[in-house]
Amino acid sequence: MKRVALALGAGGARGLAHIAVFEALDELGVRPVAIAGSSIGALAGAVYGSGMSGAEIRRFATGLARNRAEVFRRTMLSRAGSVGDVLSGALSAVVQLDPEKLVAQFLRDPVPDDFAALKIPLTVVASDLYARRTVTFESGPLRPPLAASIAIPGLMRPVVVGGRVLIDGGCTDPLPFELLRAKADVIVAVDITGQPVEDRRDVPSPVETLYSAVQLMTSSIIAGQLRHEGPDILVRPDIGAFRALDFFQANAILGATEAAKAEFKSQLRAVLGI
């Protein structure tokens with residue numbers, strides 16, 4: 001059988017749609033030989049690469065989404081600031097999240113400490129803030145690169161890895177299928193930026209506005225990437241109606257992926273001849 005590699009895109013809560021792709025692969029008995037992920041795609045790739053099935057990841061994600069109190073508790077424990085920052089007037093540190101703490105709080109069980117412990121090789125994408133370029137990680141400690149990959153500007157503080165100040169991977173490579181060219185015969189890319197919603201007129205919160213601006217940027221980057229040689233299969237779930245921070249809408253997001261999941265399975269069967 002041809003070797004399949006999986007590129008998982010950036011997109012906040014819409015990244016829950018990656019679970020449907022994992023389930024489709026499991027149902028077809030296809031195991032990727034490599035995964036590359038950016039931002040939420042890196043987290044999803046790490047969880048799937050750890051050995052959890054798509055169905056197990058669905059239960060994990062929807063279980064968290066049903067327990068709002070626990071999510072809020074873990075999020076509060078992930079704040080970058082402290083009481084001391086409040087007293088000193090450093091309010092920006094108080095409202096920001098520490099992505100390293102966030103990874104520890106939400107993925108401490110399914111995700112191993114080191115890339116070597118993953119069952120599927122993973123490439124994590126982050127962005128070097130000052131060098132203005134993509135940075136990739138494939139070996140060594142796993143959680144710091146994951147934290148860097150999700151470090152949304154403004155919402156989370158940057159992560160320092162190897163002396164480099166890193167932010168969200170979606171800022172430079174939101175759909176990293178090019179990184180997989182030499183690793184497989186068939187490249188599947190999952191774009192979760194969602195379709196534009198032309199008729200929305202509600203004014204989002206400042207945080208949502210910031211994240212939506214990042215989404216606008218990533219959509220433009222992906223459009224540029226796809227003008228050249230694209231992946232063999234491009235999966236685009238119809239999830240544009242969901243906001244980037246709609247993590248509590250896990251069931252609805254997954255429900256909206258069913259059509260894309262069925263189409264992906266049909267496309268993959270045709271490409272692999274199964």
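Scroll up to find the structure.
Basis of the calculations
- All chains use their own residue numbering, which begins from 1 and follows the written sequence.
- It should be noted that, the model being predicted, local features are given only for residues of pLDDT at least 70 and side-chain atom pairs only at 80 or more, the latter also being counted only at that level, while totals for whole chains, interfaces and linings use all residues.
- As a rule here, side-chain values come from all non-hydrogen atoms in the structure, and water together with hydrogens is ignored.
- By the criteria applied, helices consist of DSSP H or I runs no shorter than four residues and strands consist of E runs no shorter than two, each listed in order from the N terminus.
- We take the radius of gyration over the C-alpha atoms and set the globule estimate at 2.2 Å times the residue count to the 0.38 power.
- Residue burial is assigned from relative accessible area. The probe radius is 1.4 Å, only protein chains are included, and a residue is buried under 20% of its type maximum, exposed over 50%, and partly exposed in between.
- Throughout, a contact is declared for two residues whenever any of their heavy atoms are within 4.5 Å.
- Computed with the Shrake-Rupley method and a 1.4 Å probe, the accessible areas treat only the protein chains shown as cover for residues.
- Nitrogen and oxygen atoms within 3.5 Å of one another constitute a polar contact, given that in protein one can donate a hydrogen and the other can accept it, and given that sequence-neighbouring residues count only through two side-chain atoms.
- Note on definitions: salt bridges are taken to be side-chain nitrogens of Lys or Arg within 4 Å of carboxyl oxygens of Asp or Glu.
- We define the nonpolar core as a collection of buried residues of types Ala, Val, Leu, Ile, Met, Phe, Trp, Tyr and Cys that are connected through side-chain atoms lying within 4.5 Å of one another.

Colleague: Please clarify how the overall build of the protein chain should be interpreted in this entry.
Modeller: The secondary structure content of the protein chain amounts to 11 helices and 8 strands. The C-alpha atoms of the protein chain give a radius of gyration of 18 Å, which matches the 19 Å a tight globule of 274 residues would have. Considering only C-alpha atoms, the protein chain reaches an extent of 65 × 45 × 35 Å along its principal axes. Looking at the protein chain as a whole, 51% of its 274 residues are labelled buried. The contacts of the protein chain with a sequence gap of at least 6 include a subset with a gap of at least 24, amounting to 76%. In the form shown here, the protein chain has an accessible surface area of approximately 12,400 Å², with 56% of it arising from carbon and sulfur atoms.

Colleague: Before we go on, may I ask you to explain the side chain of Ser149 in this structure?
Modeller: Structurally, Ser149 can be placed in helix H8 (residues 143-149). Relative accessible area serves as the criterion here: at 0%, Ser149 is assigned to the buried category. Within polar-contact distance, the side chain of Ser149 engages the backbone nitrogen of Ser39 at 2.7 Å. Other than its neighbours up to four places away in sequence, Ser149 contacts Gly37, Ser38, Ser39, Ala42, Val124, Val125, Ala126, Asp168 and Gly169.

Colleague: I keep staring at the pattern of salt bridges and nothing clicks. Help me out?
Modeller: Working definition: two side chains of opposite charge can pair if their charged atoms are close together. Using the criterion set out here, one finds 14 salt bridges in the structure. Residue Arg3 is joined to Asp185 by a salt bridge in which the shortest nitrogen-to-oxygen separation is 3.4 Å. Separated by 182 residues along the polypeptide, Arg3 in the segment before strand E1 (4-8) and Asp185 in the loop between strand E6 (164-167) and strand E7 (186-190) bring together distant segments of the chain. Looking at Arg3, the relative accessible area reads 38%, which means it is partly exposed. On the accessibility criterion, Asp185 (41% relative accessible area) is partly exposed. In this structure, Glu229 and Arg181 form a salt bridge, with 3.8 Å as the shortest nitrogen-oxygen distance. In this pair, Glu229 is assigned in the loop between helix H9 (206-226) and strand E8 (233-235) and Arg181 in the loop between E6 and E7, connecting sequence segments 48 residues apart.

Colleague: Whenever I open this one, the nonpolar core confuses me. Can you help?
Modeller: As a rule of thumb, nonpolar side chains are buried together in soluble globular proteins. In terms of nonpolar packing, the biggest core is built from 69 residues, with Leu6, Leu142, Leu146, Phe264 and Leu268 touching the most fellow members. Examining the composition of this core, we find that 7 residues originate from one element, helix H2 (residues 40-49), more than from any other. Once you skip the residues sitting within four places of it in the chain, Leu146 turns out to touch Ala42, Leu43, Ala46, Val103, Val111 and Val124. Counting residues in each nonpolar core, the second largest holds 11 residues, with Ala36, Phe177, Ala189 and Ile222 among its members.

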